[in-house]
Amino acid sequence: MIRHILFWNYTDTVRNQHREAEALQFLQDSVATMNGHIDGLLKAEIGTNLAGGYDLVFYAELEDTDALNAFRDHPLHAAHRERCKDIVTDRLCGDLITTI
């Protein structure tokens, strides 16, 4: 299994307009469009980062590296990235292979 983890910050526009709660709901709805519709994607979610340093954490579990590679190029994931491009910035990504 692969754990795909990303950290993001809200853009200055979101922060300056105090639209974090609205943006979070939008992002959660966008992530929901992928769950159950991409082969090899076991689950995906996004929420507020409680640890600090970044505003958001995206977490996904994928069956294997083939599923991760397919996920990256999947049209639903591409559409999600497009919807998010004006909301988030400062992306940090990590992929963890696990035997769980």
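Residues numbered from 1 in each chain as written. Predicted model: local features only at pLDDT ≥ 70, side-chain atom pairs only at ≥ 80, totals over all residues. Heavy atoms only, no water.

(A) Structural view of the side chain of Glu61. Position of Glu61 among the secondary structure elements: in strand β3 (residues 56-62). Here Glu61 sits buried without a salt bridge, and the closest side chain of opposite charge, Lys43, lies 4.4 Å off (N-O distance). (Helix = DSSP H or I, 4+ residues; strand = E, 2+ residues; numbered from the N terminus. Buried < 20%, exposed > 50% of the residue type's maximum accessible area, 1.4 Å probe, protein only. Lys, Arg positive; Asp, Glu negative; His and termini not counted. Salt bridge = Lys/Arg side-chain N within 4 Å of Asp/Glu carboxyl O.)

(B) View of the nonpolar core. Formed by 24 residues in total, the largest nonpolar core has its most connected members in Tyr10, Leu27, Leu41, Leu56, Phe58 and Leu62. Those elements that place two or more of their residues in this core are β1 (2-10), α2 (20-32), β2 (41-48), β3 and α3 (65-73). Phe58 has contacts with His4, Ile5, Leu6, Trp8, Val31, Met34, Ala44, Glu45, Ile46 and Phe71, leaving out every residue within four places of it along the chain. (Core = buried A, V, L, I, M, F, W, Y, C linked by side-chain atoms within 4.5 Å. Contact = heavy atoms within 4.5 Å.)

(C) Layout of a negative patch on the surface. Taken together, the side chains of Asp39, Glu63, Asp64 and Asp66 make up a negatively charged region of the molecular surface. Looking at the secondary structure, you find Glu63 in the loop between β3 and α3. (Patch = residues over 30% accessible without salt bridge, like charges linked within 9 Å, V, L, I, M, F, W, Y side chains within 5 Å. Areas by Shrake-Rupley, 256 points an atom, 1.4 Å probe, with all protein chains shown as cover. Charge placed at Lys NZ, Arg CZ, Asp CG, Glu CD.)

(D) Quick peek at the environment of Ala44. Looking at where Ala44 falls in the secondary structure, it is placed in strand β2. C-alpha of Ala44 to C-alpha of Arg15: the two residues are 29 residues apart in sequence and 25 Å apart in space. Once residues lying within four places of it in the same chain are set aside, the contact partners of Ala44 are Val31, Asn35, Phe58, Tyr59 and Ala60.

(E) Up close: helix α4 (residues 75-84). Restricting attention to buried positions, one finds in α4 the residues His77, His80 and Cys84. The arc enclosing the buried residues of α4, seen along the axis, measures out at 55°, which places them on a common side. (Arc of directions from axis to C-beta.)

(F) View of the sheet that holds β1. Pairing within the open sheet is antiparallel, and its four strands lie in the order β2-β3-β1-β4. The open sheet has two edge strands, β2 and β4 (88-97), and neither has a second partner. The average angle at which neighbouring strand axes cross in this sheet is 15°, direction not considered. As judged from the eight bridges shared by β1 and β4, these two strands associate in the antiparallel manner. Among the inter-strand pairings, Phe7 is bridged to a residue of β4, identified as Leu92. Its contacts with the sheet put α2 on β1, β2, β3 and β4, and the angle it makes with β2 is roughly 180°. (Pairing = 2+ DSSP bridges. Axes fitted to C-alpha atoms, helices over the stretch in contact; angles between N-to-C directions.)

(G) Quick look at the side chain of His4. Take His4: it is sitting in strand β1. Taking the relative accessible area as the measure of exposure, His4 reaches 4% and is therefore buried. A polar contact is formed between the side chain of His4 and the side chain of Asp95, at a distance of 2.4 Å. Contact partners of His4, with chain neighbours within four places excluded, come to Phe58, Tyr59, Ala60, Leu62, Leu68, Phe71, Cys93, Gly94 and Asp95. (Polar contact = N/O pair within 3.5 Å; in protein donor to acceptor, adjacent residues only side chain to side chain.)

(H) A look at α2. Given a rise of 1.5 Å per residue, 13 residues ought to cover 18 Å, and the 18 Å separating the end C-alpha atoms of α2 matches this to within 8%. Within α2, burial applies to Ala23, Leu24, Leu27, Ser30 and Val31. Down the axis of α2, the sector holding all buried residues measures 125°, keeping them to one side. The elements touched by buried residues of α2 are β1, α1 (12-16), β2, β3, α4 and β4. (Expected span 1.5 Å × (residues − 1).)

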